[in-house]
Amino acid sequence: MKKNLICAAISAVIMLALPWCAVKFIQGDGGMAVCFILFFAVDPLTAAASGVFAGRDVRKRWFQPLLTAALFLAGTWLLFDPGETAFLLYAGIYLAVGCAAMAAARLVKAKRAR
């Protein structure tokens, strides 16, 4: 349970706090550049990491990729444009990345167990 909370807290910081910091503290085009870095590098890596974490014990951690995608969607809708459908596409991609990483981690674990 404690590991689930730690993973959820890390996802919340990355998906909620980092975009908020980019919006509040970085001015003009720099903020846009930081958001692009978040959307195209940091957030997909976070989704993959949560998937790998979930794949190590799927029965107890299956929700982690879903939580990461939901936190991304909540953060972007709160900070940028509520209801923007482009963010749904990003959340869906992050969910797919997380689920693929979870499946891959599960397969690796099963293969090592043999």
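Residues numbered from 1 in each chain as written. Predicted model: local features only at pLDDT ≥ 70, side-chain atom pairs only at ≥ 80, totals over all residues. Heavy atoms only, no water.

Another aspect to go through is the overall build of the chain. Helices and strands together make up the secondary structure of the chain, namely five helices and zero strands. Each helix (α) and strand (β) of the chain, taken in turn from the N terminus, gives the series α-α-α-α-α. The principal-axis extent of the C-alpha atoms belonging to the chain is close to 55 × 25 × 25 Å. Relative to its 114 residues, the chain shows a buried fraction of 32%. Just so you have it, the chain exposes about 7100 Å², and 72% of that area is on carbon and sulfur atoms. Looking at the chain, you have 12 positive and 5 negative side-chain charges, and the mean spots of the two groups are 26 Å apart. (Helix = DSSP H or I, 4+ residues; strand = E, 2+ residues; numbered from the N terminus. Buried < 20%, exposed > 50% of the residue type's maximum accessible area, 1.4 Å probe, protein only. Areas by Shrake-Rupley, 256 points an atom, 1.4 Å probe, with all protein chains shown as cover. Lys, Arg positive; Asp, Glu negative; His and termini not counted. Charge placed at Lys NZ, Arg CZ, Asp CG, Glu CD.)

Let us now look at the nonpolar core. Grouped together as the largest cluster of nonpolar side chains are 12 residues: Met15, Ala22, Cys35, Leu38, Phe39, Ala47, Leu71, Phe72, Leu73, Phe87, Ala91 and Tyr94. Of all the secondary-structure elements, those providing two or more residues to this core are helix H1 (2-25), helix H2 (28-55), helix H4 (64-79) and helix H5 (85-113). Of all the elements, H2 adds the most residues to this core, at four residues. (Core = buried A, V, L, I, M, F, W, Y, C linked by side-chain atoms within 4.5 Å.)

With that settled, the discussion passes to the packing of H1 against H4. Contact pair H1 / H4: the axes reach a minimum separation of 9 Å and the direction vectors enclose 25 degrees. In terms of orientation, H1 and H4 fall into the roughly parallel class. Judged by the sense of rotation from one axis to the other, the crossing of H1 with H4 is right-handed. Seen from H1, the contacting residues are Asn4, Cys7, Ala8, Ser11, Ala12, Met15, Leu16, Pro19 and Trp20; seen from H4, they are Gln64, Leu67, Thr68, Leu71, Phe72, Ala74, Gly75 and Leu79. (Axes fitted to C-alpha atoms, helices over the stretch in contact; angles between N-to-C directions. Parallel < 35°, antiparallel > 145°, perpendicular 65-115°, else oblique. Left-handed = near helix turned anticlockwise from the far one by under 90°. Contact = heavy atoms within 4.5 Å.)

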